[in-house]
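# Descriptive structure summary
Residues per chain, in single letters:
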Amino acid sequence: MEEKIKILAKNKFTLFLDSKKLRKTTERFTILEKIFSLNKHFDIETLHSMLDDDSFHVSKATIYNTINLLIECGLVKKHSFDKQQAKYGKVVGNTTNQYFLICTECGKVKEVKDLEFSAYMNARKYNSFTTKYFQLNVYGMCNNCVRKIKRKNK
């Protein structure tokens, strides 16, 4: 299944680049491949380090430019959580409504699914407004940070 998603993403990106008359470079497709191999959100520094670890050396400017193209193409979403640096995540299918649990201690971000809340929000009607999608950020502490604080206070 993951391989099929990668192929669909590559095809969508190829069509996007063609429509914008942009070059289809090895760097752009390697960055896309790396992003779609991840199962978590990432920042530019982390992505740059992972590419370096794979012996694929590319400038941060190229990563930023490619990320912006992937956002415009609809394959990546940019998230800003509180005062943290921007995080990015791949977009798979038509998943537009997102829910995040953000630890205020360590900064860990976890995406969760809540079908009941989705149903509630999708049923909501607002005067003079049509909802396209929504994102919910819930701030608190992850279990690891709670345990560390409890140990520290003993």
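An account of the accompanying structure is given in this report. Residue numbers here run from 1 along each chain, matching the order of that chain's written sequence. Selection of residues for local features in this predicted model requires a pLDDT of at least 70, selection of side-chain atom pairs for listing and counting requires 80 or more, and totals for whole chains, interfaces and linings are taken over all residues. As a rule here, side-chain values come from all non-hydrogen atoms in the structure, and water together with hydrogens is ignored.

## What to know about the side chain of K87
- Looking at the element boundaries, K87 is found in strand β2 (residues 87-90).
- A simple rule labels every residue: compare its accessible area, found with a 1.4 Å probe on the protein chains alone, to the largest value its type can have, and call it buried under 20%, exposed over 50%, or partly exposed in between. As used throughout, the charge tally considers Lys and Arg to be positive and Asp and Glu to be negative, leaving His and the chain termini uncounted. One side-chain nitrogen of Lys or Arg within 4 Å of one carboxyl oxygen of Asp or Glu is enough to make a salt bridge. Buried charge K87 goes without a salt bridge, the closest partner of opposite sign being D43 at 4.3 Å.
- It only takes one pair of heavy atoms within 4.5 Å for two residues to be counted as in contact. Ignoring any residue separated from it by four or fewer positions in sequence, one finds K87 in contact with H41, F42, D43, K77, K78, H79, F81 and V109. Helix and strand definitions here come from DSSP, where helices need a minimum of 4 consecutive H or I residues and strands a minimum of 2 consecutive E residues; each element is numbered from the N-terminal end.

## Remarks on the sheet that holds strand β5 (residues 135-140)
- Pairing between strands requires that DSSP locate at least two bridges from one strand to the other. Reading across the sheet, the three strands line up as β4-β3-β5 and stay open at both edges, with mixed pairing between neighbours. One side of each edge strand has no neighbouring strand; the edge strands of this open sheet are β4 (109-112) and β5. On average, adjacent strands in this sheet sit at an angle of 25 degrees to one another, irrespective of strand direction.
- Of the strand pairs in this sheet, strand β3 (residues 98-103) and β5 are connected by six bridges, and their pairing is parallel. Note that in β5 the partner of F100 across the bridge is N137. Angular values range over 0 to 180 degrees, each being the angle between N-to-C directions of two axes fitted as lines to C-alpha atoms, with helices fitted over their stretch in contact.

## Re the pairing of β3
- Burial runs high along β3: five of the six residues are buried.
- As defined by bridge partners, β3 adjoins β4 across four bridges and the pair is classed as antiparallel. Bridge pairing in β4 links F100 to E111.
- Between the end of β3 and the start of β4, which pair antiparallel, lie five residues, with G107 showing a positive phi angle near 85 degrees.

## So, the state of the cysteines
- Pairs of cysteine sulfur atoms within 2.5 Å are what we label disulfides. Taken as a whole and judged by the stated rule, the model has zero disulfides.
- Cysteine C103 is unpaired, with the sulfur of C145 as its nearest cysteine sulfur at 3.6 Å.
- Its relative accessible area of 4% is what places C103 among the buried residues.
- The cysteine C106 is free of any disulfide, with C103 supplying the nearest cysteine sulfur at 3.7 Å.

## A short note on unusual backbone geometry
- The phi dihedral of K21 is positive, around 55 degrees, even though this residue is not glycine.
- Structurally, the position occupied by K21 is in the loop between α1 (2-19) and α2 (26-37).
- Not every positive phi belongs to a glycine, and S55 is a case in point at roughly 60 degrees.
- Summarising the element assignment, S55 is placed in the loop between α3 (44-53) and α4 (60-73).
- When its relative accessible area of 58% is taken as the criterion, S55 is described as exposed.

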